Amino acid sequence: MAITEPPAPYPPTRGNQPSGGHPKRWVLGGLAGIVAAGIVIGVLAATGGRGPTTSPTTTTTAPPTTTAPPTTTAPPTTTAPPTTTAPPAAPDELAAVLYPTPRSGAGFTHPVAAARAFAVDFVGFVHPVVGRFVSTGTESGTVEVRATASGATTTVRLHRVTGTWWVLGCSTPDIRLDVPVPSTAIASPVRLRGTSTAFEAQVNVEVRQDGRRSPIGAGRVMGGSMGSMAPFDASVAFSPPIAARGALVLFTVSMQNGNLYEATVVRVAFSPPQAPVPTSACPDYAMARPSPPAGEMTVTVFYSCSADAKPVATYRLYPSNRAVLRTALDQLLAGPSAAERAAGLTSWFSSSTAGYVRSVTLSSGQATVDFGDLRSVVPNASTSTGSHLLLSQLDATVFQYPTITSVIYRMEGSCQTFGEWLQIDGCVPRTPSTST
C-alpha cells in the first residue's frame with residue numbers, strides 16, 4: 001500500500017502556539033493580553049468613551065489557533081502507468097541490423113550488453129574484455145572488444161532503434177574489407193578484396209545466413225603478416241541460403257590457445273536465385289521487376305546482349321537507406337549475375353570491377369562519377385566496340401533518372417584520363433541526346 005506523506009502545515013505565527021505548549025509561554029501570553037487591554041482603555045478615553053458605531057458584540061478570546069493535523073485521506077486510486085514499451089521498429093530501420101536478428105523483435109536495453117552478447121554469441125570470442133560505450137551520434141555508438149586485455153581491438157558498431165540497441169557490425173584495423181561494401185547483394189562465389197595483416201598472413205572467412213551460427217561457406221584470404229598490411233583478393237563459394245540476408249565474417253585466431261583473436265563482420269544480402277534463361281532468348285530477354293519488401297528498394301542496372309544492342313534492364317534489391325544513383329552504379333560495376341550471363345547478357349563489368357566507384361556527386365542536374373583506375377582490369381575497352389558497350393551501359397543506368405540531364409565520367413579524379421582510356425573527349429558532358 002502506498003503511503004502518502006501529509007502536506008506540511010503552514011508555519012505558525014510567532015507567539016501563536018498550539019495547546020499543550022510550555023507553561024511560561026502561557027504566562028507571557030497573559031501579560032500580553034493585559035497590556036493590550038490597557039491600550040484599548042486608553043484609546044476609548046481619548047475618544048470620549050465612544051466605541052464603535054455598530055452594536056457591540058460579545059467577543060470571546062479564542063485560544064491560540066492550533067493547526068489541526070490534516071485528515072488522512074486515502075489518495076484517489078490511480079491506475080499505474082503502463083510499462084513503457086518501445087513501438088515496433090519500422091522494417092527499413094532494421095534493414096542494416098546484424099544482431100540480434102531483426103525478426104527476433106527485441107534489441108538490448110544497454111549497448112554494452114548488446115556488444116558483449118554479439119561478441120560471444122555471434123562472432124565467437126571466448127571471455128572477451130569489453131570496453132565502455134562511446135557515443136558517435138544521438139542514436140549510435142561503439143564498444144571496443146578484445147580477446148585479452150592487451151589484445152587487438154575489435155570495434156562493435158551499434159544503433160538505437162525505438163529505445164533498444166542493435167549491432168550493425170564490427171571491424172578491426174588489421175582486417176579491412178573493401179569489397180563487397182556493407183549491405184551489398186552477393187552471389188556465390190563472392191569475391192573479397194581488401195587489406196590485412198595476420199600470423200602467416202591467413203585470415204579466415206565464413207559466409208553466414210541470418211538465424212544460423214554455422215556457415216554456409218568458408219575459406220581464407222591471404223594478406224600481409226608480421227604487422228605489415230598487404231592486399232588480399234580471393235573468392236569464397238557458399239551453398240544456397242534460405243535467408244534473404246547474412247554476414248561475411250573475417251577473423252583470425254590466437255596461436256597461443258586457438259581462440260578467436262579479432263574480427264571484421266559485414267552485413268550482406270543474398271542475390272535472389274534466378275532460373276537460367278536459354279542463350280537464344282537474349283534478344284528478347286526481359287527480367288520481371290521484383291516488388292521490394294519493406295525497407296528495400298528495386299535498383300535497375302543495364303547490360304547488353306551484344307556490343308551493338310540496346311542495353312536491357314536488370315534488377316537488384318537493396319536497402320532503401322542508400323543513395324539510389326550511387327547504389328545503381330555500384331551494382332552495375334559488380335557485373336551481371338551468373339544467371340544473367342547464362343542468358344547471354346554481357347558487360348565489361350564483373351566482380352573484378354566491383355567497388356571501383358569512388359564517388360558520385362549531383363549539382364544542378366549534372367552527375368559527376370569518379371572511378372578508380374579501371375585500365376588494369378578492363379584493358380580492352382578502348383576499342384570502338386568496347387567503349388560503345390561500356391558507355392551505353394553507364395549512360396543507360398545514369399539517365400534512367402529524369403532529374404539527371406548530363407554526366408561527366410572521371411578516372412582517378414580526371415575526366416581527361418577517362419576520355420583518353422576510351423578515346424573520347426571525356427571532359428565534354430554527356431547528355432541523353434548525345435549518349436551512344
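A. Focus on the sheet that holds strand β10 (residues 230–236). The sheet built from 3 strands is open, its strands ordered β5-β7-β10 with antiparallel pairing. The outermost strands of the open sheet, each flanked by one partner alone, are β5 (175–179) and β10. Taken pair by pair, the neighbouring strands of this sheet meet at an average axis angle of 30 degrees, ignoring direction. With 4 bridges connecting them, β5 and strand β7 (residues 190–196) associate as antiparallel partners. Its bridge partner lying in β7, Val179 is registered against Arg193.

B. Region of interest: the state of the cysteines. A complete count under the given rule lists 1 disulfide for this structure. Note that Cys415 is cross-linked by a disulfide to Cys427, the S-S spacing being 2.0 Å. Between Cys415 and Cys427, the S-S torsion sits near 90 degrees, and that sign places the bridge as right-handed. Of this pair, Cys415 sits in helix α6 (residues 415–422) while Cys427 sits in the segment after α6; the two residues are 12 residues apart in sequence, bridging distant segments of the chain.

C. Up close: the nonpolar core. Residues Phe371, Leu394, Tyr409, Phe418 and Trp421 are the most contacted members of the largest nonpolar core, which totals 38 residues. Among the elements of the structure, β13 (296–303), β14 (312–319), α3 (324–333), β16 (366–371), α5 (384–398), β17 (406–411) and α6 are those that each provide at least two residues to this core. Examining the composition of this core, we find that 5 residues originate from one element, α3, more than from any other. If near-sequence neighbours (up to four positions away) are discounted, Leu394 is found in contact with Leu329, Leu332, Leu333, Phe349, Phe371, Tyr409 and Phe418.

D. Region of interest: the pattern of salt bridges. Taken as a whole and judged by the stated rule, the model has 12 salt bridges. With a closest N to O distance of 3.1 Å, Arg326 and Asp330 form a salt bridge. One end of the pair is Arg326 and the other is Asp330, both in helix α3 and 4 residues apart, which spans about a single turn. The network of salt bridges with common partners includes Arg358, Asp370 and Glu412.

E. Broad picture of the sheet that holds strand β15 (residues 357–363). Taking strand neighbours across the sheet as the criterion, the 3 strands line up as β15-β16-β17 in an open arrangement whose pairing is mixed. The sheet is open, and its two edges are formed by β15 and β17, each paired on a single side. The mean angle between the axes of side-by-side strands here comes to 15 degrees, regardless of whether they run parallel or antiparallel. With 6 bridges connecting them, β15 and β16 associate as antiparallel partners. The residue bridging Val360 from the neighbouring strand is Val369, located in β16. Against the sheet, α3 contacts β15 and β16, and its axis sits at roughly 145 degrees relative to β15. Strand contacts of α6: β16 and β17, with the helix running at about 85 degrees to β17, the strand carrying the most contacts.

F. Local environment of the packing of aromatic side chains. According to the stated counting rule, one finds 10 aromatic pairs in the structure shown. Look at Phe118 and Phe122: their rings are 5.4 Å apart centre to centre, the planes differ by 15 degrees, and that puts the pair in the stacked class. With Phe118 and Phe122 both in helix α2 (residues 111–123) and 4 residues apart, the pair spans about one turn of that helix. Judged by its relative accessible area of 1%, Phe118 falls in the buried class. The interplanar angle of 70 degrees and the centroid separation of 5.8 Å between the aromatic rings of Phe418 and Trp421 together place this pair among those described as edge-to-face. Remark: Trp421 and Phe418 occur in helix α6; sequence separation between them is 3 residues, near one turn of the helix. Judged by its relative accessible area of 1%, Phe418 is buried. The exposure class assigned to Trp421 is buried, which follows from its relative accessible area of 7%.

G. Main features of the layout of surface pockets. Reported here for the second largest pocket is a volume of approximately 500 Å³. Lining the second largest pocket we find 24 residues, and of these Thr252, Val253, Ser254, Met255 and Tyr261 sit closest to its centre. Looking at the lining of the second largest pocket, the elements that each hand over two or more residues are β8 (202–209), β11 (245–253) and β12 (260–270). Ranked by residue count, the leading element in the lining of the second largest pocket is β12, at 3 residues.

H. Quick peek at α3. Within α3, 8 of the 10 residues are buried, which leaves it mostly tucked inside the rest of the structure. All of the buried residues along α3 are Leu325, Thr327, Ala328, Leu329, Asp330, Gln331, Leu332 and Leu333. Directly after α3, the chain includes Gly335, whose backbone phi takes a positive value near 85 degrees.

What counts and how
Residues numbered from 1 in each chain as written. Predicted model: local features only at pLDDT ≥ 70, side-chain atom pairs only at ≥ 80, totals over all residues. Heavy atoms only, no water. Pairing = 2+ DSSP bridges. Helix = DSSP H or I, 4+ residues; strand = E, 2+ residues; numbered from the N terminus. Axes fitted to C-alpha atoms, helices over the stretch in contact; angles between N-to-C directions. Disulfide = S-S within 2.5 Å. Core = buried A, V, L, I, M, F, W, Y, C linked by side-chain atoms within 4.5 Å. Buried < 20%, exposed > 50% of the residue type's maximum accessible area, 1.4 Å probe, protein only. Contact = heavy atoms within 4.5 Å. Salt bridge = Lys/Arg side-chain N within 4 Å of Asp/Glu carboxyl O. Phe/Tyr/Trp six-rings, centres within 6.5 Å; stacked < 30°, edge-to-face > 60°. 1 Å grid on protein atoms, 1.4 Å probe; cavity = no way out; pocket = protein on both sides within 12 Å on 5 of 7 lines; lining within 4 Å. Points joined across faces, edges and corners; volume = space filled by probe spheres on them.

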